[in-house]
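Now for the letters of each chain:
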Amino acid sequence: LIRSERSRTGFKGVSKMGSGATPYRVQVYRKGTVVHLGRYATAEEGARAYAATPEGIADLAARDAPPPPPPPPQPQLPSNSELSSSELIRSERS
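These numbers were taken from a predicted model, which means no experiment stands behind them.

Q: Can you walk me through the sheet that holds strand E3 (residues 33-40) in this structure?
A: Hydrogen bonds between backbone atoms are what pair the strands of a sheet, whose relative direction is either parallel or antiparallel. The three strands lie next to each other as E1-E2-E3, forming an open sheet whose pairing is antiparallel. Strand pairing shows two members of the sheet lacking a second neighbour, strand E1 (14-16) and E3, which therefore form its edges. Put simply, the sheet's adjacent strands are angled 30° from each other on average, direction ignored.

Structure (structure tokens):
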């Protein structure tokens, strides 16, 4: 199941809409359009429905993917105080 700190239900794509037998609504955004997946009795049932969608599968894959490798280290340039005056180049603009 895909947890979400931003959702009051605790699950991505699941929101509580009133009360009754099926108060939890599930929806995904697909190509800029809201797709309603149905209403469910519990947030967990709704979260399972969301997790079975292509969007949910992609979210799980992204969550479980290893982090990208760190960028290679940049070469350390000497500071002006470390250079001798013969190594300094004067700018014509300043």
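Additional details are given in the paragraphs that follow.
Q: Any chance you could explain helix H1 (residues 43-51) here in plain terms?
A: Side chains three or four residues apart in an α-helix point the same way, a direct result of the helix having 3.6 residues per turn. Turning to H1, its buried residues number three or more, namely Ala 43, Gly 46, Ala 47, Ala 49, Tyr 50 and Ala 51. The elements touched by buried residues of H1 are E1, strand E2 (24-30), E3 and helix H2 (54-64).

Q: Teacher, can you tell me more about the nonpolar core here?
A: Side chains that are nonpolar tend, in soluble globular proteins, to be buried together. By size, the foremost hydrophobic cluster in this structure holds nine residues: Ile 2, Phe 11, Val 14, Tyr 24, Val 26, Val 28, Ala 43, Ala 47 and Tyr 50. Every element with two or more residues in this core is listed here: E2 and H1. Residues contacting Tyr 50, with those up to four places away along its chain left out, are Ile 2, Lys 12, Gly 13, Val 26, Gln 27, Val 28, Leu 37, Glu 55, Gly 56 and Asp 59.

Reading the values: rules and limits
Residues numbered from 1 in each chain as written. Predicted model: local features only at pLDDT ≥ 70, side-chain atom pairs only at ≥ 80, totals over all residues. Heavy atoms only, no water. Pairing = 2+ DSSP bridges. Helix = DSSP H or I, 4+ residues; strand = E, 2+ residues; numbered from the N terminus. Axes fitted to C-alpha atoms, helices over the stretch in contact; angles between N-to-C directions. Buried < 20%, exposed > 50% of the residue type's maximum accessible area, 1.4 Å probe, protein only. Contact = heavy atoms within 4.5 Å. Core = buried A, V, L, I, M, F, W, Y, C linked by side-chain atoms within 4.5 Å.

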